[in-house]
Structures are given as structure tokens and as C-alpha cells.
Amino acid sequence: QVQLIESGGGLVQAGGSLRLSCTASGRTFSTYPMGWFRQAPGKEREFVAAISWSGGNTWYADSVKGRFTISRDNAKNTVYLQMNSLKPEDTAVYYCAKHRDRWASLATATGQRQYDYWGQGTQVTVSS
């Protein structure tokens, strides 16, 4: 069993930055890829970023590429999402999730069904 707890969300002005954290319980955290998703009001949940189990590979949605950075610290069982140059359209509830397959190709790790454990989400609101 894995539990994921996100933190770090909040209200920020456009152009500002936030860093989200996702801390996991359980010994399997460090052996699986992790992802961040987001869901804006009235919209489907969408992929944001993913990172391999080692942290050596990352993948981003085009909408956040160059602005967001995903990273992980396996010693702390934590994955991060550094969000810079935030835009009002980044407003959403952000979720972290654990991938089912340790050896998943990140380029195809964008579907929600590929992830088996999810956090409760943290709200990010970007004002214009």
C-alpha cells in the first residue's frame, strides 16, 4: 500500500513560482516512476510531468515545458514539481501519482490508467 500526500499549493500572481511536494509512504516509492497531473474546473484531468524511478529521465506536457521541473529525492520518498512563470491557465488541482510499471517509457506514461496510487490533490490558483 502506498499513500501519497501533496503539499505546497496556494495562491500566486501570474509570473510567480510555487514548488509542490508529494511525500509517499511505503518502501516501493523509489522503484517506480512518478507523475504529476492536474484538473481545472470543468475540465478533464491532464498529464503534466513524469520522472523515472532513478530521476534520470523526465517528460513534460508541451503546455508546461520550459516552465515546470519535476524532480525526486528517493531518500526522502518525495517528488517535487517546481513551477515557474505561472499563468492563470495553470490554475488547477494538482495530483501526484505512482506509475504501475517500473520500466515504463515516460513518453507514453501520460495516461491516468497507468498510475495506480494517487494523492488527494493540492489547489494551485494563479491570479492575473
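Residues numbered from 1 in each chain as written. Predicted model: local features only at pLDDT ≥ 70, side-chain atom pairs only at ≥ 80, totals over all residues. Heavy atoms only, no water.

### Observations regarding the side chain of Ser52
Counting through the fold element by element, Ser52 comes out in the loop between β5 (46-51) and β6 (58-60). Using a relative accessible area of 9% as the deciding quantity, one classes Ser52 as buried. Those residues in contact with Ser52 that lie beyond four places of it in its chain are Pro33, Asn57, Arg72 and Leu106. (Helix = DSSP H or I, 4+ residues; strand = E, 2+ residues; numbered from the N terminus. Buried < 20%, exposed > 50% of the residue type's maximum accessible area, 1.4 Å probe, protein only. Contact = heavy atoms within 4.5 Å.)

### Focus: the packing of aromatic side chains
Summed over all chains, the structure comprises five aromatic pairs. On the basis of an interplanar angle of 55 degrees and a centroid distance of 5.0 Å, the ring pair of Phe37 and Trp118 is categorised as tilted. Here Phe37, found in strand β4 (residues 34-39), pairs with Trp118, found in strand β10 (residues 115-118); they are 81 residues apart in sequence, far enough to count as distant. Look at Phe37 and you get buried, because its relative accessible area is 0%. Given the relative accessible area of 27%, Trp118 is considered partly exposed. Where Trp53 meets Trp103, the ring centres are 6.1 Å apart and the plane angle is 85 degrees; that geometry is what we call edge-to-face. Separated by 50 residues along the polypeptide, Trp53 in the loop between β5 and β6 and Trp103 in the loop between β9 (92-99) and β10 bring together distant segments of the chain. Trp103 gets classed as exposed once you look at its relative accessible area, which sits at 63%. Grouping aromatic residues by their ring pairs yields a cluster made of Phe37, Phe47, Tyr115 and Trp118. The aromatic ring of Trp59 is capped on one face by Lys65, whose charged end is 5.9 Å from the ring centroid. Here Lys98 stacks its cationic end above the ring of Tyr32, 3.9 Å away from the centre of that ring. (Phe/Tyr/Trp six-rings, centres within 6.5 Å; stacked < 30°, edge-to-face > 60°. Lys NZ or Arg CZ within 6 Å of the ring centre and 35° of its normal.)

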